[in-house]
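What follows is the residue order along each chain.
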Amino acid sequence: MLWRLVLAALQDDTLDEERRLAILARGAARLAAHRLPEGRRPTPDDVMRVAFEEFAVVMDTAQARTALGQQG
């Protein structure tokens, strides 16, 4: 479900920017967690790097932290 939202957010020009970045941040947080070695939790820097490299999106630390907090 999250990946469908991420793909839609990457293509939907009508989505409000705050909502779009929140969705992409959640996707980047999930992807960063998946790529790290077992037992290591992603940092906001990891999330920001993945967002930039994979989605060509620049986000700030607060957005990355929020996404990590939602991840649980």
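Residues numbered from 1 in each chain as written. Predicted model: local features only at pLDDT ≥ 70, side-chain atom pairs only at ≥ 80, totals over all residues. Heavy atoms only, no water.

Enquirer: I tried to follow the packing of helix 3 (residues 44–55) against helix 4 (residues 61–71) on my own but got confused; where do I start?
Expert: Any two packed helices are characterised by how steeply their axes cross, that is the angle between the axes, and by the distance between the axes. Viewed as axis vectors pointing N to C, helix 3 and helix 4 meet at an angle of 105°, and their least axial separation amounts to 8 Å. Considering the angle they form, helix 3 stands roughly perpendicular to helix 4. Listed contacts from helix 4 to Pro-44, Val-47 and Met-48 of helix 3 are Thr-61, Ala-64, Arg-65 and Leu-68. Across the contact of helix 3 with helix 4, the residue classes tally to five nonpolar, one polar and one charged. (Axes fitted to C-alpha atoms, helices over the stretch in contact; angles between N-to-C directions. Helix = DSSP H or I, 4+ residues; strand = E, 2+ residues; numbered from the N terminus. Parallel < 35°, antiparallel > 145°, perpendicular 65-115°, else oblique. Contact = heavy atoms within 4.5 Å. Nonpolar A, V, L, I, M, F, W, Y, C, P; charged D, E, K, R; others polar.)

Enquirer: Looking at this model, I keep getting lost on the confidence of the model for the chain. Mind explaining?
Expert: Should the pLDDT be low somewhere, the predicted coordinates at that spot are not to be read in detail. Residues with a pLDDT of 70 or more make up 99% of the chain, whose mean pLDDT is 93. Averaged pLDDT values over the elements of the chain bottom out at 88 in helix 1 (residues 2–11) and peak at 96 in helix 3. (pLDDT = per-residue confidence, 0-100.)

Enquirer: Which parts of the structure should I look at to understand the pattern of salt bridges?
Expert: Any two side chains of opposite charge can pair, given that their charged atoms come close. According to the stated counting rule, one finds four salt bridges in the structure shown. One salt bridge connects Glu-17 with Arg-20, and the closest N-O pair in it is separated by 3.3 Å. With a gap of three residues between them, Glu-17 and Arg-20 both fall in helix 2 (residues 17–35), about one helical turn apart. Here Arg-20 falls in the buried class, since its relative accessible area comes to 18%. With its nearest N and O atoms 3.1 Å apart, the salt bridge here joins Glu-54 to Arg-35. Note that Glu-54 is positioned in helix 3 and Arg-35 in helix 2, a separation of 19 residues in sequence. (Salt bridge = Lys/Arg side-chain N within 4 Å of Asp/Glu carboxyl O. Buried < 20%, exposed > 50% of the residue type's maximum accessible area, 1.4 Å probe, protein only.)

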